[in-house]
Amino acid sequence: MTENCLTLVGSVVKAPDVSISPAGIAHIKFSLEHRSMQMEDGLNRQVFVRMQVVATGQWSQKISRELIAGSNVRVNGFINRHETRNGNPILVLHASQIEMIK
């Protein structure tokens, strides 16, 4: 099994945290909030998701300048399990593409 891809459209909750690794690689982290109505078995279902997004590399620094709280974006990437400082597992979307939506 090799497929692991996710596209999520939502709003940036707050401006991203930008960091540079000791190797000089840029990383940005931000939370993305998605709200919508989805059809499930012929019934409308209200959906709410808040997910952490991580983007790595030079392109992430460029897009981070555009990401402000309330920005609408489409994020493509893969999900991976991370652990919080408390040891709690969370799913994180590792972005390969971030598109601003006007």
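Residues numbered from 1 in each chain as written. Predicted model: local features only at pLDDT ≥ 70, side-chain atom pairs only at ≥ 80, totals over all residues. Heavy atoms only, no water.

(A) Focus on the pairing of strand E3 (residues 26-40). Where strand E1 (residues 6-12) meets E3, two bridges bridge the pair, whose relative direction is antiparallel. Opposite serine 11, over in E3, you have glutamate 33 as the bridge partner. Taken together, strand E2 (residues 17-20) and the strand that follows it, E3, pair antiparallel across an intervening segment of five residues, in which glycine 24 is found at a positive phi of about 85°. Bridge analysis of E3 against strand E4 (residues 43-56) gives 14 bridges, and the strand direction is antiparallel. Residue pairing in the sheet places serine 36 in a bridge with valine 47 of E4. Between the end of E3 and the start of E4, which pair antiparallel, lie two residues, with aspartate 41 showing a positive phi angle near 55°. (Pairing = 2+ DSSP bridges. Helix = DSSP H or I, 4+ residues; strand = E, 2+ residues; numbered from the N terminus.)

(B) Spatial organisation of the nonpolar core. Among the nonpolar cores identified, the biggest contains 15 residues, and Phe30, Leu32, Val53, Leu67, Val73, Val75 and Ile98 are the most heavily contacted of them. Elements represented by at least two residues in this core include exactly E1, E3, E4, strand E5 (72-83) and strand E6 (89-101). (Core = buried A, V, L, I, M, F, W, Y, C linked by side-chain atoms within 4.5 Å. Buried < 20%, exposed > 50% of the residue type's maximum accessible area, 1.4 Å probe, protein only.)

(C) Examining unusual backbone geometry more closely. At aspartate 41, a residue that is not glycine, the phi angle is positive and equals roughly 55°. Structurally, the position occupied by aspartate 41 is in the loop between E3 and E4.

(D) Molecular detail of the pairing of E2. In this sheet, E3 lies alongside E2 in antiparallel orientation, the contact comprising four bridges. Its bridge partner lying in E3, valine 18 is registered against isoleucine 28.

Don't take any of this as a statement about function, it's just geometry.
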